[in-house]
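Results of the structural survey
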Amino acid sequence: MSDAADLANDILERAMANRAPSPPLAPGVAGECDDCGRASPRLIGGRCAPCRDRRR
Ligand SMILES: [Zn+2]
């Protein structure tokens, strides 16, 4: 019975992931910037704040 709900959830999540620029990365994660390679406490879309500002 929960199978149908799970499936619907799956489809919904995929539809939302399609809209996001980079699905594997949650907004505001710590890590290395995809652009400059520097460590940042808050990467968004894989990029640090300076890189996001520059490339807007
Ligand atoms: Zn950067």
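See the structure printed just above.
Heads up: these notes are all about the structure in this document. (Residues numbered from 1 in each chain as written. Predicted model: local features only at pLDDT ≥ 70, side-chain atom pairs only at ≥ 80, totals over all residues. Heavy atoms only, no water.)

1. Regarding the overall build of the protein
The secondary structure content of the protein amounts to two helices and two strands. Going from N to C terminus, the protein has its helices and strands arranged as α-β-β-α. When the 56 residues of the protein are sorted by exposure, 12% land in the buried category. Taking as baseline every contact in the protein between residues at least 6 positions apart, the subset at least 24 positions apart corresponds to 0%. For the protein, the computed accessible surface area is about 4,800 Å², with 53% contributed by carbon and sulfur atoms. (Helix = DSSP H or I, 4+ residues; strand = E, 2+ residues; numbered from the N terminus. Buried < 20%, exposed > 50% of the residue type's maximum accessible area, 1.4 Å probe, protein only. Contact = heavy atoms within 4.5 Å. Areas by Shrake-Rupley, 256 points an atom, 1.4 Å probe, with all protein chains shown as cover.)

2. What about the coordination of the zinc ion?
The protein atoms that coordinate the zinc ion are Cys33 (SG), Cys36 (SG), Cys48 (SG) and Cys51 (SG), at distances of 2.2 to 2.3 Å. In this structure, the zinc ion is coordinated by four donor atoms arranged in tetrahedral fashion, with angles at the metal of 104 to 114°. In primary-sequence terms, the residues that donate to the zinc ion follow C-x2-C-x11-C-x2-C. For cysteine 33, a relative accessible area of 5% puts it in the buried group. With a relative accessible area of 35%, cysteine 36 lands in the partly exposed category. (Donors = N, O, S within 2.8 Å, 3.2 Å for Na, K, Ca; no water. Tetrahedral: all angles 85-135°; square planar, octahedral: opposite > 155°, others 65-115°.)

3. Concerning the pattern of salt bridges
Evaluation of the coordinates by the stated rule reveals two salt bridges. Note that arginine 14 and aspartate 10 form a salt bridge whose closest N and O atoms lie 2.8 Å from each other. Highlighted residues: arginine 14 and aspartate 10, both in helix H1 (residues 2-19), separated by four residues, approximately one helical turn. The exposure class assigned to arginine 14 is exposed, which follows from its relative accessible area of 56%. The exposure class assigned to aspartate 10 is partly exposed, which follows from its relative accessible area of 34%. (Salt bridge = Lys/Arg side-chain N within 4 Å of Asp/Glu carboxyl O.)

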